[in-house]
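# Structural features, examined
Listed below, chain by chain, are the residues.
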Amino acid sequence: SVKMTEEALHTLQTATVIGKEFNLLYLHRLLEQSMGTLDSYMKIGCDEKLITREDDENLFLFSADTIYNFFVSKLNGRSKDYHYKFAKILEKISPNQFYQRYFHMNMSGNISEAIPLLTVHCIRQCVDGCNPDDKLLETLQKYDNYWNVYQNISYSMNNYRTGTEYKKYYALIESSDVCV
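Residues numbered from 1 in each chain as written. Predicted model: local features only at pLDDT ≥ 70, side-chain atom pairs only at ≥ 80, totals over all residues. Heavy atoms only, no water.

## Looking at helix α8 (residues 134-141)
The complete set of buried residues in α8 reads L136, L137 and L140. Along the long axis of α8, the arc covered by the buried residues comes to 100 degrees, so they all point the same way. Residues of α8 that are exposed and point more than 90 degrees away from the buried face comprise D134 and K135. Of the residues that open α8, the one with a side-chain oxygen 2.9 Å from the backbone nitrogen of K135 is D133. (Buried < 20%, exposed > 50% of the residue type's maximum accessible area, 1.4 Å probe, protein only. Helix = DSSP H or I, 4+ residues; strand = E, 2+ residues; numbered from the N terminus. Arc of directions from axis to C-beta. Polar contact = N/O pair within 3.5 Å; in protein donor to acceptor, adjacent residues only side chain to side chain.)

Printed below as a string of structure tokens:
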């Protein structure tokens with residue numbers, strides 16, 4: 001079998017930004033490497049039992065939490081840059097994944113872009129008839145202006161369930177005079 005290379009290790013480290021389970025297409029956008037190159041690195045990772053290929057040919061999973069955590073620990077200072085870049089990729093290809101975008105923006109340290117996403121995620125939860133996670137609400141409460149927007153919209157939208165275009169709520173928050 002082919003030996004693990006520095007490039008393959010770097011690729012697996014970067015894949016941890018996406019998560020314990022990652023899609024090769026997302027990794028392709030994040031690293032801007034060819035699918036063929038990435039596929040060869042994934043084959044090495046599978047041969048070394050570091051990752052497994054799921055039923056979907058582009059979906060991979062780290063074999064164990066310890067392996068995933070090891071690769072996360074090796075990212076060091078690059079982590080914030082990759083999280084920011086991945087949040088921007090999600091903005092283009094999956095704009096309504098507000099929680100995922102918030103998570104990666106928050107991990108990048110960019111609070112001014114993370115908190116509006118968290119606000120929209122919490123509003124969306126209310127519109128869908130769910131209660132947002134308490135820890136997320138605790139985070140949101142630290143930003144008074146966003147908390148006020150969340151409370152006002154969540155109360156008024158609590159019974160409105162169908163046909164909602166979440167983008168308009170994000171646009172509402174973005175266009176408001178709300179500041180972090």
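Right, picking up where we left off after that structure.
## Focus: the sheet that holds strand β1 (residues 21-23)
With antiparallel pairing, the three strands of this open sheet are ordered in space as β1-β3-β2. In the strand order of this sheet, the two ends are held by β1 and β2 (51-53), each with one partner. Taking each pair of neighbouring strands and ignoring which way they run, the sheet shows an average axis angle of 30 degrees. Here β1 pairs with strand β3 (residues 59-62) via three bridges, running antiparallel. For N23, the partnering residue across the bridge sits in β3 and is L59. On the sheet, helix α1 (residues 6-18) packs against β1, β2 and β3 and is oriented at approximately 100 degrees with respect to β1. (Pairing = 2+ DSSP bridges. Axes fitted to C-alpha atoms, helices over the stretch in contact; angles between N-to-C directions. Contact = heavy atoms within 4.5 Å.)

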